[in-house]
Each structure stands twice: as C-alpha cells, then as structure tokens.
Amino acid sequence: MKEKTKFVAFSTQKGGAGKTTLTVLAASYLHYVKGFNVAVIDCDYPQHSIVEMRERDLKLALEDEHYKRLAYEQFTRLQKKAYPVVESNTKEALADADYLLPQGDFDYVFFDLPGTINNDRVVMESTLNYAVVVKEHIMGREKSRMKGLYMLWNMVDGREKTELYQVYEAVMKELGLPVLKTFLPDTKRFRREQNASRRSVFRSTLFPADRSLIRGSNLDKLVDELIELLK
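Let me sum up the structure you'll find in this document. These numbers come from a predicted model, not from an experiment.

### Overview of the pattern of salt bridges
Logical step 1: Inspection of the entire model under this criterion finds nine salt bridges.
Logical step 2: Note that Glu63 is salt-bridged to Lys59, the shortest N-O span being 3.0 Å. With Glu63 and Lys59 both in helix α2 (residues 49-63), this residue pair falls four residues apart, about one helical turn.
Logical step 3: Residue Glu73 pairs with Arg69 through a salt bridge whose shortest N-O separation is 3.3 Å. Of this pair, Glu73 and Arg69 both sit in helix α3 (residues 65-78), four residues apart, which is roughly one turn of that helix.
Logical step 4: The partly exposed category is assigned to Glu73, whose relative accessible area is 37%.
Logical step 5: Linked by salt bridges that have partners in common, Lys19, Asp44 and Asp112 make up one network.

This is the structure we're talking about:
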C-alpha cells in the first residue's frame, strides 16, 4: 500500500458529459502506458458503466483470438494484470477504496461518479454553480479529503477554443476555479471500444488507447498534466 495514493474523480452535475469515458481513458493510459498502478471504483449507480465495460472487454478477450493474443502480449511485456474495477455507490465509495488499498500498491484510485442531471437545457452557468458548491461546501470542510478542484474543457467543438471559452475562463478565474491547460476535442474516437470487427481500440479497461488514435485527441497531454498536478 502506498502512503500517498491519490484519489481522482471526473465529476459533473450533468449526465452524458463524458466523465466515464475520461475515467477509463486516463486510468488505462496511466496503468498500461505510464507504468502506474491504478484502481477504479465505479459509483455510477445503477448503470455501473465501467463494470459493464470490463465485463464486455473480458468476454471479447476470452472468446476472440485477436484480443486474446493482444492481452497475452501485453501481460508478457508489462508483467502486470488489468487494474481492478470495483462496483460501489457514493455512500460506500471511500470505504470500498480504503478496503482495496491494502490489496495493492496503488498510485491512483479513480472514482466514476453519477451525473444527477441529464437535460440538454443545462448550460455552463449550471456547471459553474456546481463547481462552486463543491469548492465551498465540500472542499471547505475541515475534514474534507479533497485537495484540489480543476475545471476541464471536454467535447470542445473544433481543434481550438473560441473567444467564448476565454470569457468563461475569465469567470472561472474570478470564482477561484483553476482550469486545466489541456482540452479534449469532440471526436467519435472517444466512443470506440473493443468489438468483433477488431478495429483499433480507443476506450478499453484492458488496453490503452491505440497510439494511432491518440494523435489529435489530447489524451496524452491530459495525462501528463494530471501526473504533474498530482505529484
């Protein structure tokens, strides 16, 4: 068990914003590419999307010769197993994490949290209000285990951010909400999983994103920025 295992969560008040995908992509890249030891606590009740993804990934890895070979080659090269995915809920998440920690030498534990709103009318102001509440009423508590809160631009339309993003970033600065330098573009590759067609995989709990698909996704840049922040 590491003395300073970092707990990380991509959180938002809105469903369908890509936090589960981000959790899987970051966890897999850190575990399989960067050499860190990772665990994932899936608190996204009732769907538990990452638990279900792991089940799909394992099924293909056991039944499909292509993925079976990839898994064998990866294990032989890395000499490490797939990271654990634990089914949980928001009430039991920290207790489950504390139970898990002595079982492995974990650098990072990711939490996939539920989105409480799934409505396209929810706008940026709602996200800012949510972040302020977390900052002031959760991080502000004396016994809070939260050490940092950072905003992340996800599903950005186009390769570059527009003037509108700069306006919002100015507002975030006034609210004391730091923004990550890396932004993630809106691209279909983020939804590409293991499948019977054996196309290059981007989102998987057993494999890292394929190198041919990383370029232009900013995933590698995001992970490097996270590593620096979490030191």
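### Structural notes on the sheet that holds strand β2 (residues 38-42)
Logical step 1: Taken in spatial order, the four strands line up as β1-β4-β2-β3 in an open sheet, and their pairing is parallel. Looking along the sheet, the strands with just one partner apiece sit at the ends: β1 (6-10) and β3 (85-87). Each adjacent strand pair in this sheet contributes to an overall mean axis angle of 25°, direction not counted.
Logical step 2: Of the pairings in the sheet, the one linking β2 to β3 comprises three bridges and is parallel in character.

### Things to note about the side chain of Asp42
Logical step 1: Along the chain, Asp42 falls in strand β2.
Logical step 2: Despite its burial, Asp42 pairs with no opposite charge; the closest candidate is Lys19, at 7.4 Å N-O.
Logical step 3: Of note is the side chain of Asp42, whose polar atom sits 3.1 Å from the backbone nitrogen of Asp44.
Logical step 4: Look past the residues within four positions of Asp42 in its chain and what remains in contact with it is His48, Ser49, Ile50, Val51, Val86, Glu87, Ser88 and Asp112.

Rules and cut-offs
Residues numbered from 1 in each chain as written. Predicted model: local features only at pLDDT ≥ 70, side-chain atom pairs only at ≥ 80, totals over all residues. Heavy atoms only, no water. Salt bridge = Lys/Arg side-chain N within 4 Å of Asp/Glu carboxyl O. Helix = DSSP H or I, 4+ residues; strand = E, 2+ residues; numbered from the N terminus. Buried < 20%, exposed > 50% of the residue type's maximum accessible area, 1.4 Å probe, protein only. Pairing = 2+ DSSP bridges. Axes fitted to C-alpha atoms, helices over the stretch in contact; angles between N-to-C directions. Lys, Arg positive; Asp, Glu negative; His and termini not counted. Polar contact = N/O pair within 3.5 Å; in protein donor to acceptor, adjacent residues only side chain to side chain. Contact = heavy atoms within 4.5 Å.

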